[in-house]
Structures are given as C-alpha cells and as structure tokens.
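The primary structure of each chain is shown beneath.
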Amino acid sequence: HNIFRANRWHAGTLGPALPMAIGAAIGRPDTPIISLAGDGSSLFTLTELATARDLGANVTHIIWDNGGYREIEVSFARTDIMPAGVRTTAQDLGMIARGFGAHVVQPTTPEDLEAAIKVSTVSPGLSVIVVQAPADHRVEADSLNPGVDA
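Note that the structure is predicted; figures quoted are calculated from it, not measured. (Residues numbered from 1 in each chain as written. Predicted model: local features only at pLDDT ≥ 70, side-chain atom pairs only at ≥ 80, totals over all residues. Heavy atoms only, no water.)

1. Some thoughts on helix α1 (residues 17-27)
For step 1, the next point in the chain: Where α1 is concerned, the buried positions are Ala17, Leu18, Ala21, Ile22 and Ala25. The buried residues of α1 occupy an angular sector of 135° when projected down its axis, which confines them to one face. Opposite the packed face of α1, turned more than 90 degrees from it, sit the exposed residues Ile26 and Gly27.
For step 2, the next point in the chain: Buried-residue contacts for α1 involve β1 (33-38), α2 (39-45), α3 (48-55) and β2 (59-65). (Buried < 20%, exposed > 50% of the residue type's maximum accessible area, 1.4 Å probe, protein only. Helix = DSSP H or I, 4+ residues; strand = E, 2+ residues; numbered from the N terminus. Arc of directions from axis to C-beta. Contact = heavy atoms within 4.5 Å.)

Here it is in structure tokens:
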C-alpha cells in the first residue's frame, strides 16, 4: 500500500479535511481516500458530503465527535478565560451524513473502528465514520450555553 501523508505542511484552518479528500479522490479515483476531522471542523464543510456523493468519490471521512471545539476550549482555559461558543449543536452527525447519502458507521470500540476503516476502504463510494470521544476528551464548559450537556 502506498500511503500519502501530508506531514510537510499544515493547513492551519478549520474544515479543509473533507474538501481536500474529495480533491484527492478526483485525482486518484481508484485509491481509497481517508480524511479525519473533529466534529466542529467538519461542520464548516459538511455539505461537501453532497459533492462527494454526486461525484461518486471513494472517500471515508472520520469524524472525532467531542461535542465541540475542544482545542479552542483548551486555549481559553490556558489563558484563564471562560470558554464561550465552543459547543456544537449538531447532535447526530451520523444522521446528517446519511441525509447526504453516505454509508455511516458509529463504532464504539477501537476494534470496531479498525473494522469500519477496513470495510470502508474496500467498499467504493462515500463512507462516514463517527467516533464519540471519551468523556475526558469532550467539550465541558460553555459560558454561552450553561447547563447544556456536551
């Protein structure tokens, strides 16, 4: 297997994983393409699932669902600022992805995740794997939405 790793540059923005994966799939239509993004980042370009489906792109998009923008929450905490606007309101990303025609899997164990990735890379078309982050990696506080569970 040839694996391309874009480890020589960093996009430094939210949301490019899925569109970049679609571009890679267009350039290499016979190669399974895997993208990985958080739920918050994915929300910036989730509508591109429609593009992937329309093009028949061979893409597996893995979403790490921690209930929001964890990196931003941590940045707030490092500077002793009360987190604000770090939770997302999209509660069922799998359902949203199904609405765009994606095959969706929501594994609950590392073994299930490994199996889902293997199946998606040998099955042509669009797959979305939604992984729920464990409690200690979920967004915890949001001063704009107090009392709302992540």
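2. Description of the sheet that holds strand β3 (residues 103-105)
Strand pairing in a sheet is mediated by backbone hydrogen bonds. Such pairs are either parallel or antiparallel.
For step 1, the next point in the chain: Strand order in this open sheet of four strands is β1-β2-β4-β3, and the pairing throughout is parallel. Across the chains shown, the open sheet's two edge strands, defined by having one partner strand only, are β1 and β3. Neighbour-to-neighbour, the strand axes of the sheet open up by a mean angle of 20°, direction not taken into account.
For step 2, the next point in the chain: Pairing of β2 with strand β4 (residues 127-132) involves six bridges; the strand directions are parallel. From the neighbouring strand, Ile63 faces β4, where its bridge partner is Val130. (Pairing = 2+ DSSP bridges. Axes fitted to C-alpha atoms, helices over the stretch in contact; angles between N-to-C directions.)

3. Digging into the nonpolar core
For step 1, the next point in the chain: In this structure, Leu49, Val59 and Val128 are the most contacted members of the largest nonpolar core, which totals 19 residues.
For step 2, the next point in the chain: Of all elements in the fold, only α1, α3, β2, α5 (93-99) and β4 reach the threshold of two or more residues within this core.
For step 3, the next point in the chain: A per-element tally of this core places α1 first, with four residues.
For step 4, the next point in the chain: Look past the residues within four positions of Leu49 in its chain and what remains in contact with it is Leu18, Ala97, Phe100, Leu126 and Val128. (Core = buried A, V, L, I, M, F, W, Y, C linked by side-chain atoms within 4.5 Å.)

4. Examining the packing of α1 against α3
The geometry of a pair of packed helices is captured by two quantities: the angle between their axes and the separation between those axes.
For step 1, the next point in the chain: At their nearest, the axes of α1 and α3 sit 9 Å apart, and the two run at 15° to each other. One finds that α1 runs roughly parallel with respect to α3. Pair α1 / α3 crosses with left-handed handedness. Each of Leu18, Pro19, Ile22 and Ile26 in α1 lies in contact with α3, whose residues at this interface are Glu48, Leu49, Thr51, Ala52 and Leu55. (Parallel < 35°, antiparallel > 145°, perpendicular 65-115°, else oblique. Left-handed = near helix turned anticlockwise from the far one by under 90°.)

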